[in-house]
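Residue strings, one per chain:
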Amino acid sequence: MRSEAPSLLPLFRSQHQAELLTWLYLHPREEYQATELAGRLGVPLSTFHREAQRLVTAGLIHDRRVGRTRLLRAATDHPVAKALSQLLLLTFGPQTVVGEAFADVHGVRRVYIYGSWAARHEGEPGALPNDVDVLVIGTSARAAVYEAADAAQDRLGLPVNPTVRSPQQWQDASDALIQQIRASPLVTVIDRDAAN
């Protein structure tokens, strides 16, 4: 994982910091164990603790200890909390929001974000995206995919455009759209095949 924040919106000290803030502020009523969050975000524990401590010191997140366990949550009482939540939702939130929206859709094997949002996330310069392009690989019913996309769109306030392909179509080198998607930045949201 990169240590620099992507140019999606270069406001954060690091990618790790942005992802930690995004997770906590998109789940403002939840409290998480530091070790759980470090694992979820794929951040080495020592790096995670440094980033978390910076945010605690700044008052942007709260922490407390229960025995040896450190618990973290968003500082929703901070004066910038509402604005920060909206900023995180629009800039880093699509990966989290799309993942949650598609998590329970039957038949989903993989979900990727591609297009301009993925390009900005991966560091390509350009304007803030106006939509989120989502590729769903699997055998899901189209109605369920569009329902999940609508749920993500409602939460993000950005159009979410799903494209559905079967696993066989994903492997088909003659599909022009798949060729274009594979040649461009992809952000993995769900990969159930990697878990097997």
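Here, every reference points to the structure presented above.
Since this is a predicted model, take the numbers as computed values, not measurements. (Residues numbered from 1 in each chain as written. Predicted model: local features only at pLDDT ≥ 70, side-chain atom pairs only at ≥ 80, totals over all residues. Heavy atoms only, no water.)

Colleague: A description of the pattern of salt bridges should follow, citing residues and the corresponding values.
Modeller: Per the counting criterion, the structure on display carries 9 salt bridges. The shortest N-O distance in the salt bridge between E100 and R155 comes to 2.6 Å. Taken together, the positions of E100 in helix α5 (residues 93-102) and R155 in helix α7 (residues 142-156) put the pair 55 residues apart, joining distant regions of the chain. Exposure remark for E100: the relative accessible area of 33% places this residue in the partly exposed category. One continuous salt-bridge network, built from bridges that share partners, spans R109, R110, D191 and D193. (Salt bridge = Lys/Arg side-chain N within 4 Å of Asp/Glu carboxyl O. Helix = DSSP H or I, 4+ residues; strand = E, 2+ residues; numbered from the N terminus. Buried < 20%, exposed > 50% of the residue type's maximum accessible area, 1.4 Å probe, protein only.)

Colleague: Break down the packing of helix α4 (residues 81-91) against α5 for me, with residues and values.
Modeller: Two elements in contact, α4 and α5, have axes whose closest approach is 5 Å; the angle formed by their N-to-C orientations is 75°. Taken together, the axes of α4 and α5 lie roughly perpendicular to each other. Of the residues in α5, those in contact with L88, L89, L90 and T91 of α4 are G93, P94 and V97. Within the contact of α4 with α5, the residues separate by chemical class into 5 nonpolar, 2 polar and no charged. (Axes fitted to C-alpha atoms, helices over the stretch in contact; angles between N-to-C directions. Parallel < 35°, antiparallel > 145°, perpendicular 65-115°, else oblique. Contact = heavy atoms within 4.5 Å. Nonpolar A, V, L, I, M, F, W, Y, C, P; charged D, E, K, R; others polar.)

In short, shape yes, function no, at least from these values alone.
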